[in-house]
Amino acid sequence: MIPLEHYLYLSGVVFTLGLCGVMMRRNIIMMLMGIEIMLNAANLALVAFNKYMPPGPDGTVPMDGQVFVFFTIAIAAAEVAVALAIAVALFRRLDTVNVDDVANLRW
Amino acid sequence: MAELLFWLMGGGMVFFTMLTIWSRNPVHCTVFMILSFAATAGLFVMLDAYLIAAMEVLVYAGAILMLFLFVIMMIELRDEEQEGLRLNPLMLVAAATFLLLLGRAVGDLGPVVQSQANEMIGSPAPLAEALFTRFVVPFEAVSLLLLGAILGVVVLNQRSRDERASIGPATPDAGGGSAAPGSGAPSVPGAGAGAGVADGSAS
Amino acid sequence: MTDILSQYALTFLVVIPALVTTLLFFLPASNAQAIRGVSCFGAALTLVIAGWMFFDYDQAAGGFQYVTAIDWVPSLGIQYKVGADGISVAMVLLTGIVYLAGGLVSMGVDKRVKDFYILLSALVTGVFGVFVSLDLFFFYFFYELAVVPMYLLIGYWGSANREYATMKLTLYLTAGAVVALMGLLMLYFSGITAEPTFDLTAIIAAVDAGGGLDFSDQKLLFPLLLVGFATIAPMWPLHTWSPGGHAAAPSAASMMHAGVLMKLGSYAIIRIALPVLPEGAVYWLPWVAVLCCFNIIYGGYIAMSQRDMKFVIGYSSSSHMGYVLLGVASMSVMSMDGAVFLMFAHGVMTAMAFGLIGFFYEQTHTRMLDDLGGLMHQIPFVGMMFMMCAMASLGLPGFANFASELMVIVGSWERYPIPTLCAIFGLVIGATYLLRTLREAFQGPMDPKWSELKDATTPMQRAPFLLLVGTLLVFGFYPLPLVDLISTGVEPIVAKLLSAEAGLGL
Amino acid sequence: MTLTSPWIILFAPLVAAFLIGLGLHRHKRLSAGLALAAVWTGFGIAASYLPEALAGEGAWSLTGAITWLRAGDITFEYGYLVDGLSLIMLLVVCGVGGLIHVYATGYMKGDGGYARFFGCLALFVFSMLGIVLADNFFQIFIHWELVGVSSYLLIGFYYRKDSAAAAANKAFLTNRVGDFGFMIGILMLFFATGTANFGEMSVVLQSSEYLTQPAFSVGGGTWVLTNEHFLWISSALIFMGVMGKSAQFPLHVWLPDAMEGPTPVSALIHAATMVAAGVFLLARVFFLYLPSETAMSIIAHIGAFTAFFAATIATTQFDIKRILAFSTLSQLGYMVMAVGLNGTDVAMYHLTTHAFFKACLFLGAGSVIHAVHTNDMREMGGLRKIMPGTFWTFLISTLALCGLPPLSGFWSKDGILHLTHAAPAYADSFLITVLPTLTAVLTCYYMTRMVVVTFLGKPRYHGHPHESPASMVAPMVVLSVLAVAAGPLLFTENVIETFRTITRPTGSGPFLPVHGDVATVGIALAIFAAGAIPAYLVFGLKLIDPATIKRAIRPVHALFDNRWYVDDFYEWLVRAVQQNFARLCNAIDQVLIIGVVVNGTAWVARAGGAVLSRYQTGSARNYVLLFLAGVAALLALNL
């Protein structure tokens, strides 16, 4: 049996990789991908937690972890749709998807 | 057997993820990401989350990443924008620290969870029951969210009449969407940035 | 009819200006005459109700009367609860008088009349609400409701330097309100009552039953309420918003502001801070008495060095509010009666002063003493009224201000002889700057450039000033009814303070 | 009827003032008539008490009160107390006042503010009568202030003249300074004795145990102030009010300037009644001063000094009304001194006679001014022929003021001079023993100078002066008759007894009868000769050029001419000290409170915003990094 920690370590490593992707790539689409990776890592942790969750008083295991993953996926879908739309709009307007060129939101 | 499978899937997941963030070509990235997600789906199966595993493949790999591909194709990134990972020592240190802390957190995991895995939780029935009873309000909320996202996407990419009439991105966008409050900002990047700065200081 | 009135009189007071506000929304902006008519009619109606309450309030019974309570959010202990004791009735009467006078004085406003009157009546709604609320939540709500329209009134209709003045005023008052809100919330969660409640009467009842906070808690909590409310009072050194704000505001706004809004602070201290935290009050009030000296003396001297008439009156207001706070701090029936009475008298007086200055400012476009002079000859009615106003302000017998200041002085002498000496000396200072103002603006030879000035000649122009000066004279000559009325509200509070003091053995 | 009529005396003028103010001012004659009616009604009612009062041997009094204010356990009453003392004062105020009202109908004819003038006069009469009738300290304070304001209104009657407005302000403010002390004194007394009512307070103070009780102690009993000492402090503070109203040094500065008002005002307020209110108050509350040597001596010395001081200034002035004003100051000094020397009755007597002849002098001066349109004596002269009525009444009053026997001034002033020598406690006090007599000589000097320069000699006036109308001359005639008759005729032994019993509480000194024996008459004549003959020699016969004298005594003359520089000192005080202090306060407010505290807070907020906004780079990756740092920090904190 694989202990929970293994899944969590795996999830942490993948999350950090996603984070590196977000931080170190300048292409907005690649940053989005990094975000998706992070979400996915979190999903893995949630599902693993669900597997190792103590059963409730009536003996059944609550499915909260999987429900959360369900929501995460749905929200990720929505997020990606909007974010990509923004990316497209950005490209059309400014002819770039490089975030360093889009630093207007400063003081 | 289970161990082997775990190391295989987990290793695959990490490996493909690394390739995803490393590759210069976005299309390759997308493909590696699909593979990474497939490995994740395998892990989900190992964790008895069959429905989630199916959704992972269908929604993530099938739908979301296809969307990425479409957009990447549509945008036709120029070469200099296809650059890969830019290693920044500060960021690397930050990521490493974060990883360390995360590891410590996992190591310190208290008695919140049991060490023994639950058996026989793979049926989608309890998941559905939870979704439609306790989580029915968030569930409905998500449907609204999706609707909003659809509308947002449509609005964001709606071209104004002027824009449609003229050709190319050089014409001002007369408030085609809610994305740019300073409608009429010229699409030349530098000038646009200038207008944006002006807006920012005014607000 | 009378039954309905006595049951809902206070609700009417809050609702009438609110209704006026609503009604004005639907009137066409071009029909200025109708807008003014509706506003003044509403104001007159509130004055009639307030006047009726003045006569109808059962002094023998005392306590809160005309109480109406409607549950609003029962789970949080919020209810719409209004009621009036002697202090509230006096303040409500003041508000009614100043509202009507302010409405009449503003007949001359011709810039966006509709919006002006909408804001004015919204402000009055808030003021009436504060004076009659017995629920801390609504108290705070109305308090903010009174402050916000002022921002717009000064910001749009104001005169010189209005942006700075209105920003400063609003920030100050809001900051004060937030500090007070912190205090109110701490009170709410402090566990005085079994269930957290905003009901002031329930809290006071619990305190009276021996369930008040510990002395150490009261010591911490009282300054919050004090500073929060004293900002609008305004107590030195929190006063600097007031002269500039008054000076920049349009006439009616200055009148409402100096006349009524400033009284919210000291009213709130008397209404909430003292009865709920009597021991904290006993501990802190001597410090208030010390600050009062600064208000009185220092405010007076600053008024002396001003050249702008509105600034003179503005600083004199902060000087006079020193008397009010001194009266509150002295914890005797005489002094606190005097303080409330002075709030009333000063409200009427200062409303009149700002109304009069506004009257000729519309024509001269200057309020600087160096530019004016000899106006008495050209505008004798306004001049006479201003003279009476100045006389009232410097504490001339026959005006209500004298009676009230005398009460404050007599009532404070035993407890705080030195601050009272300052207060008496303040009368000398007051006479100095007011007479100087009077002389430089109205007496002496007249500059020929003012020969075109028009006096207030029509009854409509004179009515607000006659109303105000008449009030001052009536209560100045025979203050007994009003003072007796105020006493019914003040006596229980003073009794609480004195027993708290005895309990502390300070 | 008798019980309510004091209210009528008091409020009739107020009603008149209100009616005039509320709309009757358009009808000039009606306004004047109302004011006249009000004041003469008062006189009539007061006179109706006279037989009863004289028959009552001093025990007669009328009292009544209503509650004006009450709060807690303190009640302010508003009442009246009519006894012999206030009755005399009532008669003086209403009688002299009434005559001056009549005079004013002629004097003010044609003035634009005719009705306003009578309205203010009526207001003044109300205020003054309130002082006279008051039965407690708070009421007297109220009317003290009201008198101040009616005086302010009347001095500033010609408000378009800058000097008039300034004089009015000065009068009000000087009085306010006096009232500052007055109020403190009242408060001290009120809380020490527990009552503000004169009758009750005197009962409290009469018990000797009360006086030795400690009023309060400081430092755990190391420094105990007994009621006796407490009392002299408070009564000295009360005297501050008197100094303001009765223009005693150093609060005298307003009275000469107050001559900017119309002449009837000067006569009524600044000679006959209001300024005498201080003396009246001293008599009324004499029970305060009786137990205290210190307070009495303060009063006596200040009075004596004021008398001499004002007389010296009067010798150098040229403005006819100013001379009279300084003369009034001087005579008030006499009265105050007399009170301090335990001679309340003589003080009140002098007050009464002085009211007659000084009012007459002012009216005469007004008549002259009316005729020649100037106040400067150097532009008068030779008016005797043209204005015989004015001249003769003026002369009689002058002689009365100089104390020439057997005119009324002789009897009253002699009584005071007599006191100065009969007080053993002050036998070695130069101020008390020598100066009053010297002042009497100076009085004769400057009054003779005035009469000579104004009415005798060659005409120096411009235009065509003529005698004033009957409405103006008649009151002067009546007053001069009174000035003559108030000596042996009016002031009978009976009235003196009444005075004495009322104004001399138990334990006061022996009663000194005023009687004209040969020695007294001789001294009076000698004083008159010493003052009048040099004046006549210099100004009438022109034996010596006044300029020569002026040169000879230049420093002294400069001192007198500049009013001993007191006004300059005050001016400096106001200009240099007070105004600068006000500016300092304003600077503190602007710089420290508004500048540092208020705007400082705003600056800190702005600066903080400016600093923090640097981290708003707009680069998404930076935000991620910061976000990561935040999460890491939270994690690290939790582990």
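Residues numbered from 1 in each chain as written. Chains lettered and ligands numbered in written order. Predicted model: local features only at pLDDT ≥ 70, side-chain atom pairs only at ≥ 80, totals over all residues. Heavy atoms only, no water.

Student: So what exactly am I meant to see when it comes to the overall build of chain C here?
Tutor: Secondary structure assignment for chain C yields 19 helices and two strands. Taken over the C-alpha trace, chain C has a radius of gyration of 21 Å; the compact-globule value for 506 residues is 23 Å, and the two agree within 12%. Overall size of chain C, expressed as C-alpha extent along the three principal axes, is 70 × 55 × 40 Å. For chain C, with 506 residues in total, the buried portion stands at 68%. Total accessible area on chain C is roughly 15,300 Å²; 68% of this is exposed by carbon and sulfur atoms. The centroid of the 20 positive side-chain charges in chain C is displaced by 12 Å from the centroid of its 30 negative side-chain charges. (Helix = DSSP H or I, 4+ residues; strand = E, 2+ residues; numbered from the N terminus. Rg over C-alpha atoms; globule rule 2.2 N^0.38 Å. Buried < 20%, exposed > 50% of the residue type's maximum accessible area, 1.4 Å probe, protein only. Areas by Shrake-Rupley, 256 points an atom, 1.4 Å probe, with all protein chains shown as cover. Lys, Arg positive; Asp, Glu negative; His and termini not counted. Charge placed at Lys NZ, Arg CZ, Asp CG, Glu CD.)

Student: What should I look at first to understand helix H9 (residues 227–245) of chain D in this one?
Tutor: For the α-helix, the turn length of 3.6 residues means that residues three or four positions removed from each other point alike. The terminal C-alpha atoms of H9 of chain D lie 27 Å apart, and with 19 residues this matches the ideal 27 Å at 1.5 Å per residue to within 8%. Phi for Ala 247 of chain D, located one or two positions after H9 of chain D, is positive at around 55°. (Expected span 1.5 Å × (residues − 1).)

Student: Mind showing me how you'd approach the environment of Gly 333 of chain D here?
Tutor: Residues and elements named next belong to chain D. With respect to the secondary-structure elements, Gly 333 resides in helix H15 (residues 320–340). When the C-alpha atoms of Gly 333 and Ala 53 are compared, they prove to be 29 Å apart, with 280 residues separating the residues in sequence. If we ignore the near neighbours within four places in the chain, the residues touching Gly 333 are Gln 248, Gly 303, Ala 304, Thr 306 and Ala 307. (Contact = heavy atoms within 4.5 Å.)

Student: Would you mind going over the pattern of salt bridges with me for this structure?
Tutor: Side chains that differ in sign of charge can pair as their charged atoms come close. All names here are of chain C. Taken as a whole and judged by the stated rule, the model has 19 salt bridges over all chains. Here Asp 208 makes a salt bridge to Lys 496, at a shortest N to O gap of 3.6 Å. Taken together, the residues Asp 208 in helix H7 (residues 200–211) and Lys 496 in helix H19 (residues 480–504) connect sequence positions 288 residues apart. The class for Lys 496 is buried, based on a relative accessible area of 18%. (Salt bridge = Lys/Arg side-chain N within 4 Å of Asp/Glu carboxyl O.)

Student: Whenever I open this one, the pairing of strand S2 (residues 78–84) of chain C confuses me. Can you help?
Tutor: Regular strands place side chains that alternate from one sheet face to the opposite one. All names here are of chain C. Counting buried residues along S2, seven of its seven residues qualify, which places the element largely inside the surrounding structure. Side chains Ile 78, Tyr 80, Val 82 and Ala 84 project from S2 onto one buried face, and the interleaved Gln 79, Lys 81 and Gly 83 project onto a second face that is buried too. Both strand S1 (residues 65–73) and S2 contribute to a ladder of six bridges, which runs antiparallel. Paired with Val 73 across the strands is Ile 78, a residue of S2. Between the end of S1 and the start of S2, which pair antiparallel, lie four residues, with Gly 77 showing a positive phi angle near 75°. (Pairing = 2+ DSSP bridges.)

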